[in-house]
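What follows is the residue order along each chain.
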2 protein chains.
Amino acid sequence: MGIKKAEYVFSEKTVTYYFDATFSSLAEIVSKDHTILITDENVFNNQQEKFNGWKTIVIRPGEEFKQQAAVDEILQQLIKYEADRKTFVVGIGGGVVTDITGYAASIYMRGLRFGFVPTTILAMVDASIGGKNGVDAGIYKNLVGLIKQPDFLLFDYSFLETLPREQWINGFAEIIKHACIKDEYLFQLLENETLENFIGDKNKLGELIERNVQIKTNVVLKDEFENGDRKLLNFGHTLGHAIENNYQLLHGHAISIGMVGASIISEKINNFSAEQKARLVRLLEKYHLPSHLDFDHEKIWEILKMDKKRVGNEMNFILLNKIGEAIVMSIPFTELKSLINQI
Amino acid sequence: MGIKKAEYVFSEKTVTYYFDATFSSLAEIVSKDHTILITDENVFNNQQEKFNGWKTIVIRPGEEFKQQAAVDEILQQLIKYEADRKTFVVGIGGGVVTDITGYAASIYMRGLRFGFVPTTILAMVDASIGGKNGVDAGIYKNLVGLIKQPDFLLFDYSFLETLPREQWINGFAEIIKHACIKDEYLFQLLENETLENFIGDKNKLGELIERNVQIKTNVVLKDEFENGDRKLLNFGHTLGHAIENNYQLLHGHAISIGMVGASIISEKINNFSAEQKARLVRLLEKYHLPSHLDFDHEKIWEILKMDKKRVGNEMNFILLNKIGEAIVMSIPFTELKSLINQI
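Bear in mind the structure is a predicted one, so any value in this text is a computation, not a measurement. (Residues numbered from 1 in each chain as written. Chains lettered and ligands numbered in written order. Predicted model: local features only at pLDDT ≥ 70, side-chain atom pairs only at ≥ 80, totals over all residues. Heavy atoms only, no water.)

This paragraph deals with the sheet that holds strand β11 (residues 314-322) of chain A. All names here are of chain A. An order of β10-β11-β12 is seen for the three strands of this open sheet, with the pairing classed as antiparallel. For this open sheet the edge positions go to β10 (310-311) and β12 (325-332), each flanked by a neighbour on one side alone. The sheet contact formed by β10 and β11 spans two bridges and is antiparallel. Looking at the pairing, Val311 lines up with Glu314 of β11. (Pairing = 2+ DSSP bridges. Helix = DSSP H or I, 4+ residues; strand = E, 2+ residues; numbered from the N terminus.)

With an RMSD of 0.0 Å, chain B superimposes on chain A once it is rotated by 180° and translated 0.0 Å along the axis. Both copies of the chain, as the preceding transformation shows, are related through a two-fold rotation axis. Looking at the rotation axis and the C-alpha trace of chain B, the residue lying nearest is Gln68 of chain B, at 4.5 Å. (Least-squares fit on C-alpha atoms with pLDDT ≥ 70 in both.)

Residues and elements named next belong to chain B. Across the sheet, three strands lie side by side as β10-β11-β12; this open sheet has antiparallel pairing. Each edge of the open sheet is held by one strand with a lone partner, namely β10 (310-311) and β12 (325-332). Pairing of strand β11 (residues 314-322) with β12, which is carried by eight bridges, proceeds in the antiparallel orientation. Residue pairing for β12: Asn316 is matched across the bridge by Ser330.

As a further point, take the interface of chain B and chain A. Counting residues at the interface gives 34 residues for chain B and 34 residues for chain A. Summed over both partners, the interface of chain B with chain A comes to about 3,100 Å²; 60% of that surface belongs to carbon and sulfur atoms. Taken together, chain B and chain A are joined by seven salt bridges. The shortest N-O distance in the salt bridge between Glu226 of chain B and Arg85 of chain A comes to 4.0 Å. Counting across the interface, chain B meets chain A through 11 residue pairs in polar contact (both at pLDDT 80 or more). Every element with two or more residues in the side of chain B that touches chain A is listed here: α3 (68-80), α4 (95-107), β7 (132-137), β8 (140-147) and β10 of chain B. Here the side of chain B that touches chain A gets seven residues from one element, more than from any other, and that element is β8 of chain B. Split into classes, the residues belonging to the side of chain B that touches chain A amount to 15 nonpolar, six polar and 13 charged. (Contact = heavy atoms within 4.5 Å. Buried area = accessible area lost by both parts, 1.4 Å probe. Salt bridge = Lys/Arg side-chain N within 4 Å of Asp/Glu carboxyl O. Polar contact = N/O pair within 3.5 Å; in protein donor to acceptor, adjacent residues only side chain to side chain. Nonpolar A, V, L, I, M, F, W, Y, C, P; charged D, E, K, R; others polar.)

In structure tokens form, the structure reads like this:
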């Protein structure tokens, strides 16, 4: 294959990234005979010809189906296909598909090998990277799961040709998050460009995706099991996750509102400047992301306090020092509740 | 604590074994405030006073409830207790409880720490050791799960005082299995003793349990992820698992019948002697275990071929060379089917 290949060594395995590849090269990476693909109805219906000759499991699309019931269904179909420990599983889709696929593969027969073909911006720059997989438990986002790395990621940008506009916007929330916590240059780049520029220019887009893949991968390589730096990737996600399923928002929209919330708290207790906060709001709005939601503070607090970053009666909350630099601060519940009420 | 303590270093953690301990010392190992116990109705009703002051989740007893529904229920209760990543989970019960507890703890918030207090012979000498945990998927035994070691095992032999006789018999199947694959001296010891001798003599029983804990632990230490020697622990389990849920047998009974089946195959294709086969049958019967079942060969074959030791159209099947020594042999499906039909 004449594609760009990179290898990253994680704790238990080496993960191969195939950049700028085509889906058809999948057959050179895994054997059709011993592989089962998992995708959702949207991807399958849009790209049916790609799945010819592959054993395929098709799940229902969207966050509302990212629940144990979907895992149960996949396990039943793996049994029907007589999958054994030599079977390879490949998830082809957005973050919901890759999260569920990695999880189902990891628990079937105590673990099959798996890889991902992310088909959305969000999955390419974030969800498919780093080995976190699992499902929601009702309204609680990603409450169930484990950390296990895929064998490979295959990036075929042509999937983006059929990506709905709202999914482009959705993915840019995580790109802006990366800029906020790790990359001031990327923040400026995004300020100087527009969503339409990236949609219209394949080279520009490819560079943007690879830059973001690199940011996320570097963080995870240094702290795979989230004892330190990886926590920063949760910027915007504590409030974001709490509102996402309750208000049925797209993940990126929820995270966008969560980032603004976290920047308000950063201003109040971490000397983050009002000017930089305003820059962040402007950038989110430039990329068509929401910056505010009138949410039910009591109800959202009840969900938020169950966040995985809770430790007893404190929350490890991600704040900005400045654009491009974030920290973890342990905030007592009483203080955090009052801060959330001011958002 | 004045108890015997041993530490074993597995790939990801050190597991501490507390031998000859009492349940009350649990409060010295984990904090009551940050611990949730999981047990089943049988243990809870028999030993209710032990659970005073502990947050406890009580599940329905028996293999038929070792299914995803029990995991879902535990996850809901962990949420209700507001368990977070500092919460410790302790499973107190037989193999069903320890298998489900280890699994639920491993996937809640991508992994809580956990320990076990095995309360049956079978759990003490086998199920609680080695980090395999999970649930059945319908009739398919342990099809879903993962390998993750507990932080500790606490052995309180006083739980055995209320153990029903059928559960004593159940546990001795795995003890005889250990003798068959690894310990001819243990086989002879069992031939010279009776079940009643062990039930009546605490010292004899303690020594027997610790010898078996040691056998299993040594095998797992050498091959935690079952690439080699650990496979031998599956002696009797391929046929055993296939009949267990279909005929609703106790695990030990199913394994006993499976061991006889595997010894018949060992005689046919591995020069295992008829005399030693007869000794094994006699020993199983001496310990009140069944040596034969008239099973539906077609139906059982359909289940058996989905065993986790399947690789494509071959099965890694465990055979005996002689009492105390086992091997893994890859047997093609067509041959295995015909061999199973002769049992």
